[in-house]
Amino acid sequence: MDLVAALQNLIGQVPELLQPLIVALAGAIPFIEGEGGVAIGILGGIPPVVAAVAAMIGNFLTVAVLVLLSTGARNAVVTRHRAKVQTRDAVTVGGGTTLRTASEVRENDRSTARRAKFQRAYERYGVPGVSLLGPLLLPTHFTATMLAASGVGKARILVWQAVAIVGWTTLTALIISGVLQAVQ
């Protein structure tokens with residue numbers, strides 16, 4: 001809450017031209033995101049449309065960077081793992097055996113269970129469902145990163161994350177604007 005209060009205070013202290021940048025910065029922060037950023041902006045006196053667009057931009061840019069980095073990291077890990085398996089299989093074919101420690105087996109089992117859990121949710125709701133319902137449970141930053149780590153294509157993730165960010169931020173802006181008009 002201190003961060004939200006600090007951002008609201010900052011909006012009041014900077015020139016009007018810079019206020020949307022503060023809202024965009026707020027939108028880039030996990031757990032504040034577009035929904036919190038638009039609230040900070042509207043309550044800070046920025047017009048709702050300007051606050052909403054700034055919050056959406058900040059949230060989406062951060063999500064896009066995370067998706068691109070996660071996809072690159074996943075590709076590097078998968079490529080390295082494939083090379084390692086091919087090398088290990090080549091050694092095993094030559095008559096040798098490869099042994100794993102008990103801790104490697106336990107870690108692999110936990111990792112497999114987590115992946116299976118996410119895979120079930122992904123299969124049940126798909127990318128659209130996980131993206132649209134994700135903000136109810138996790139920040140879009142985490143949802144997008146998990147989708148990228150599971151191998152979903154960058155474009156598909158970014159399209160559905162954009163839809164979710166625009167939808168949730170717009171809904172929040174409409175609710176806050178409506179409440180403020182009703183109070184006045």
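Before reading further, recall that the structure is shown in the block above.
These numbers come from a predicted model, not from an experiment.

*Asks:* Any chance you could explain unusual backbone geometry here in plain terms?
*Replies:* A negative phi angle characterises most non-glycine residues, just as the trans form characterises most peptide bonds. One non-glycine residue with positive phi stands out, namely Phe-31, at about 75°. Checked against the element boundaries, Phe-31 lands in the loop between helix H2 (19-27) and helix H3 (33-43). A positive phi angle is found at Glu-33, which is not glycine, with a value near 50°. Following the sequence through the fold, Glu-33 ends up in helix H3.

*Asks:* How do you make sense of a nonpolar patch on the surface when you look at a structure like this?
*Replies:* A contiguous nonpolar surface patch, about 1100 Å² in accessible area, is contributed by Phe-31, Tyr-125, Leu-132, Leu-133, Leu-136, Leu-137, Leu-138, Phe-142, Met-146, Val-159 and Val-163. Mapped onto the nonpolar patch, the elements with two or more residues apiece are helix H5 (102-133), helix H6 (140-149) and helix H7 (154-183). Broken down by element, the residue count for the nonpolar patch peaks at 3 residues, all from H5. Of note, Leu-138 is situated in the loop between H5 and H6.

*Asks:* Is there a simple way to explain the side chain of Ser-177 in this structure?
*Replies:* If you trace the backbone, Ser-177 turns up in helix H7. Within the local environment of Ser-177, its side chain forms a polar contact with the backbone oxygen of Ala-173, the two atoms lying 2.8 Å apart. Ignoring sequence-local partners within four residues, the contact set of Ser-177 consists of Ile-42 and Pro-48.

*Asks:* When you look at the side chain of Gln-19 in this model, what are you seeing that I'm missing?
*Replies:* Locating Gln-19 in the fold gives a position in helix H2. By relative accessible area, which is 14% here, Gln-19 ends up buried.

*Asks:* Is there a simple way to think about the nonpolar core in this case?
*Replies:* Across soluble globular proteins, nonpolar side chains show a tendency to be buried alongside one another. Among the nonpolar cores identified, the biggest contains 32 residues, and Val-38, Leu-147 and Ile-157 are the most heavily contacted of them. Elements supplying a minimum of two residues to this core: helix H1 (2-13), H2, H3, helix H4 (48-93), H5, H6 and H7. The greatest single-element share of this core, amounting to 8 residues, is contributed by H4.

Quick notes on the rules
Residues numbered from 1 in each chain as written. Predicted model: local features only at pLDDT ≥ 70, side-chain atom pairs only at ≥ 80, totals over all residues. Heavy atoms only, no water. Helix = DSSP H or I, 4+ residues; strand = E, 2+ residues; numbered from the N terminus. Patch = residues over 30% accessible without salt bridge, like charges linked within 9 Å, V, L, I, M, F, W, Y side chains within 5 Å. Areas by Shrake-Rupley, 256 points an atom, 1.4 Å probe, with all protein chains shown as cover. Salt bridge = Lys/Arg side-chain N within 4 Å of Asp/Glu carboxyl O. Polar contact = N/O pair within 3.5 Å; in protein donor to acceptor, adjacent residues only side chain to side chain. Contact = heavy atoms within 4.5 Å. Buried < 20%, exposed > 50% of the residue type's maximum accessible area, 1.4 Å probe, protein only. Core = buried A, V, L, I, M, F, W, Y, C linked by side-chain atoms within 4.5 Å.

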